[in-house]
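Fold and contact review
Here are the chains, one letter per residue:
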Amino acid sequence: DGGITQSPKYLFRKEGQNVTLSCEQNLNHDAMYWYRQDPGQGLRLIYYSQIVNDFQKGDIAEGYSVSREKKESFPLTVTSAQKNPTAFYLCASSMRPISYEQYFGPGTRLTVT
Amino acid sequence: AQTVTQSQPEMSVQEAETVTLSCTYDTSESDYYLFWYKQPPSRQMILVIRQEAYKQQNATENRFSVNFQKAAKSFSLKISDSQLGDAAMYFCAYRSANAGGTSYGKLTFGQGTILTVHP
């Protein structure tokens, strides 16, 4: 089945540790996105990538890093510099950046204590 | 920068009745797309309906329809014959149609409206 997978569904880390969230898609999509969702707020864009080996900062990139070495994969690293890392993280992809629909993964809930 | 506002944090509706969720947006662009996404308790984001700004006709998908008022920058979602499975958080979202630039492909979301459906 085609789709986007994010693992794990729940992730727990100690403060000061970097953590990497996985996002894989087998839809052959060019563009991929990372969003953060906090309670009572909509999704906010962290980073996006229009093509392999290229990515751009979104609205809230501070404390995060990404890579796009393969078309299928767009991992997000939450670094210790991120002041409030506890959140729900959603990965999305679209056929092209201008495609109508962004398909979303099931998300990862990150809790940092 | 574009902004999207959903002024109704919560709404409720009786099963089989109709409910309308409100959304306003602010942009200086003339070419863009608007979306409604549904997020059920599973938290999976599901596209409900989309509207191209250049189209005057309101989009419709089965029981879901929109009222798109471009001049007023308003984009409401009407759910007819509400079902228990419609209960979810609903997000309005905006995307620029302009190629290039820092907003290319990015979705800007509203804060969401929690919809409760009563049997």
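Here goes a summary of the coordinates provided. Values in this document were obtained by computation on a predicted structure and should not be read as measured data. (Residues numbered from 1 in each chain as written. Chains lettered and ligands numbered in written order. Predicted model: local features only at pLDDT ≥ 70, side-chain atom pairs only at ≥ 80, totals over all residues. Heavy atoms only, no water.)

**Points about the overall build of chain A**
Using the following cut-off: Numbering of helices and strands starts at the N terminus; helices are DSSP runs of H or I of at least 4 residues and strands are runs of E of at least 2. Throughout, radius of gyration means the C-alpha value; the globule benchmark is 2.2 Å times the number of residues raised to the power 0.38. Relative accessible area decides the class of each residue, using a 1.4 Å probe on protein chains only: under 20% of the type maximum gives buried, over 50% gives exposed, and in between gives partly exposed.
Of the regular secondary structure elements, chain A holds zero helices and 11 strands. Each helix and strand of chain A, ordered N terminal to C terminal, gives the series β-β-β-β-β-β-β-β-β-β-β. A compact globule built from 113 residues should have a C-alpha radius of gyration of about 13 Å, and chain A, at 13 Å, falls within 12% of that. By its C-alpha atoms, chain A is 35 × 25 × 25 Å across when sized along the principal axes. Buried residues in chain A amount to 49% of all 113 residues.

**Here we look at the pairing of strand β8 (residues 64-69) of chain B**
All names here are of chain B. To keep things clear, this is the line we draw: Whether two strands pair comes down to DSSP finding at least two bridges between them.
Note that strand β7 (residues 60-61) and β8 share two bridges and pair antiparallel. Considered in β8, the bridge of Thr60 is made with Ser65. From the end of β7 to the start of β8, which pair antiparallel, there are two residues, and Asn62 there has a positive phi angle of about 55°. Relative to strand β9 (residues 74-79), β8 runs antiparallel, the two being bridged by six bridges. Bridged to Phe68 within β9 is Phe75. The turn joining β8 and β9, which pair antiparallel and follow one another in sequence, is formed by four residues; a positive phi near 55° is taken by Lys73.

**Observations regarding unusual backbone geometry**
Between Ser7(A) and Pro8(A) the backbone carries a cis peptide bond, its omega angle lying at -10°. Even without a glycine there, the phi angle at Ala16(B) is positive, about 80°. Here Ala16(B) lies in the loop between β2 (10-14) and β3 (19-21). Judged by relative accessible area, which is 48%, Ala16(B) ranks as partly exposed. Phi is positive for Asp81(B), which is not a glycine, with a value near 50°.

**Here we look at the layout of surface pockets**
Residue and element names in this part refer to chain B. Inclusion rule: Of the grid points, spaced at 1 Å and generated over the protein atoms alone, those admitting a 1.4 Å probe that cannot get out make up cavities, while open sets with protein on both sides within 12 Å along at least five of seven lines make up pockets; any residue with an atom within 4 Å of a point is treated as lining. Grid points are joined across faces, edges and corners, and a volume is the space filled by probe spheres set on the points.
Quantified by volume, the largest pocket comes out at close to 190 Å³. Taken together, Leu47, Val48, Ile49, Arg50, Gln51, Glu52, Lys55, Gln57, Asn58, Ala59, Thr60 and Glu61 make up the lining of the largest pocket. Mapped by element, the contributors of at least two residues to the lining of the largest pocket are β6 (46-52) and β7. With six residues, β6 is the single largest residue contributor to the lining of the largest pocket.

**Comments concerning the interface of chain A and chain B**
In plain terms, the rule: Two residues form a contact once any of their heavy atoms are found within 4.5 Å. Summed over both partners, the accessible area (1.4 Å probe) lost when two parts come together is defined as the buried area. One side-chain nitrogen of Lys or Arg within 4 Å of one carboxyl oxygen of Asp or Glu is enough to make a salt bridge. Residues adjacent in sequence count toward polar contacts only when both atoms are side-chain atoms; beyond that, a polar contact is any pair of N or O atoms within 3.5 Å, and within protein one must be able to donate a hydrogen and the other to accept it. In this count, Pro and Cys sit with the nonpolar residues alongside Ala, Val, Leu, Ile, Met, Phe, Trp and Tyr, while Asp, Glu, Lys and Arg are called charged and the others, Gly among them, polar.
Contact with chain A, which involves 23 residues of that partner, is made by 23 residues of chain B. Roughly 2000 Å² of surface becomes buried between chain A and chain B when both sides are summed, with 51% attributable to carbon and sulfur atoms. If you sort the residues of chain A by the area they bury against chain B, Leu43(A), Tyr100(A) and Phe104(A) come out on top, with a joint share of 31%. Counting every contact that joins chain A to chain B gives one salt bridge. Salt-bridge contacts for Asp59(A) lead to Lys106(B); the nearest nitrogen and oxygen are separated by 2.6 Å. At the boundary of chain A and chain B, one finds six residue pairs in polar contact (both at pLDDT 80 or more). Those elements giving two or more residues to the side of chain A that touches chain B turn out to be β4 (31-37), β5 (43-51) and β9 (87-94) of chain A. Of the residues forming the side of chain A that touches chain B, the biggest block, four residues, is contributed by β5(A). Of the residues assigned to the side of chain A that touches chain B, the class counts are 12 nonpolar, eight polar and three charged.

**Some details on the sheet that holds strand β3 (residues 19-25) of chain A**
Residues and elements named next belong to chain A. Where we set the bar: Helix axes use the C-alpha atoms of the stretch in contact, all axes being lines fitted to C-alpha atoms, and the angles between their N-to-C directions lie in the range 0 to 180 degrees.
Taken in spatial order, the four strands line up as β1-β3-β8-β7 in an open sheet, and their pairing is antiparallel. The open sheet has two free edges, formed respectively by β1 (4-7) and β7 (64-66), since each of these has just one partner strand. Ignoring which end each strand starts from, the neighbouring axes of this sheet average 20° apart. As paired elements, β3 and strand β8 (residues 76-78) share three bridges and run antiparallel to each other.

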